[in-house]
Amino acid sequence: MPTPAPKIRKQYSNTEYPNVILRFEDGHEIHVPKGSTKSFDCYAGERVKILAKYDPTSTEREKVDTLRAEQFPDATE
């Protein structure tokens, strides 16, 4: 039986979009308002979709990028 991927602590800083949503493979989401940084736990190799939300009253989201967990900077907390 393969060993599970190790958990790693990463962070994301939103400097461009009014609101960014990080959507993980298991379905949970983290909202990152403009000008803030959020730290999160993820698994090595996990893909995280980066979605921009321009209008807070709308449900529309624009896919900006998809990154692997290792591509995010390490958390400083």
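It should be noted that the structure appears before, not after, this text.
By convention here, each chain's residues receive numbers from 1 onward along its written sequence. Predicted model: local features are reported for residues with pLDDT of at least 70 only, side-chain atom pairs are reported and counted for 80 or more only, and whole-chain, interface and lining totals are derived from all residues. Excluded from the side-chain calculation are hydrogens and water; included are all heavy atoms of the structure.

(A) Geometry of the sheet that holds strand β5 (residues 47-52). Strand order in the open sheet formed by 4 strands is β3-β2-β5-β6, with antiparallel pairing between adjacent strands. Where the open sheet ends on each side, the last strands, each with one partner, are β3 (29-33) and β6 (62-68). Direction aside, the axes of adjacent strands within the sheet are offset by 20 degrees on average. Pairing between strands is defined by DSSP: at least two bridges between the two strands are required. To qualify as a helix, a DSSP run of H or I must reach at least 4 residues; to qualify as a strand, a run of E must reach at least 2; elements of each kind are numbered from the N terminus. Where strand β2 (residues 19-23) meets β3, 5 bridges bridge the pair, whose relative direction is antiparallel. Of the residues in β3, the one forming a bridge with V20 is V32. Where helices are involved, their axes are fitted lines through C-alpha atoms of the stretch in contact, as for all axes, and angles between N-to-C directions lie from 0 to 180°.

(B) Broad picture of the nonpolar core. Ranked by size, the top nonpolar core spans 15 residues in total, and within it Y12, V20, L22, F24, F40, I50 and F72 carry the most contacts. At the level of secondary structure, the elements contributing two or more residues to this core comprise β2, β3, β4 (37-43) and β5. Broken down by element, the residue count for this core peaks at 3 residues, all from β5. Any two residues whose heavy atoms approach within 4.5 Å are treated as being in contact. Contact partners of F40, with chain neighbours within four places excluded, come to I8, R9, K10, Q11, Y12, L22, F24, I30 and F72. The term nonpolar core refers to a set of buried residues drawn from Ala, Val, Leu, Ile, Met, Phe, Trp, Tyr and Cys, joined through side-chain atoms within 4.5 Å. Only protein chains enter the accessibility calculation, which uses a 1.4 Å probe; a residue whose area is less than 20% of its type maximum is buried, one above 50% is exposed, and one in between is partly exposed.

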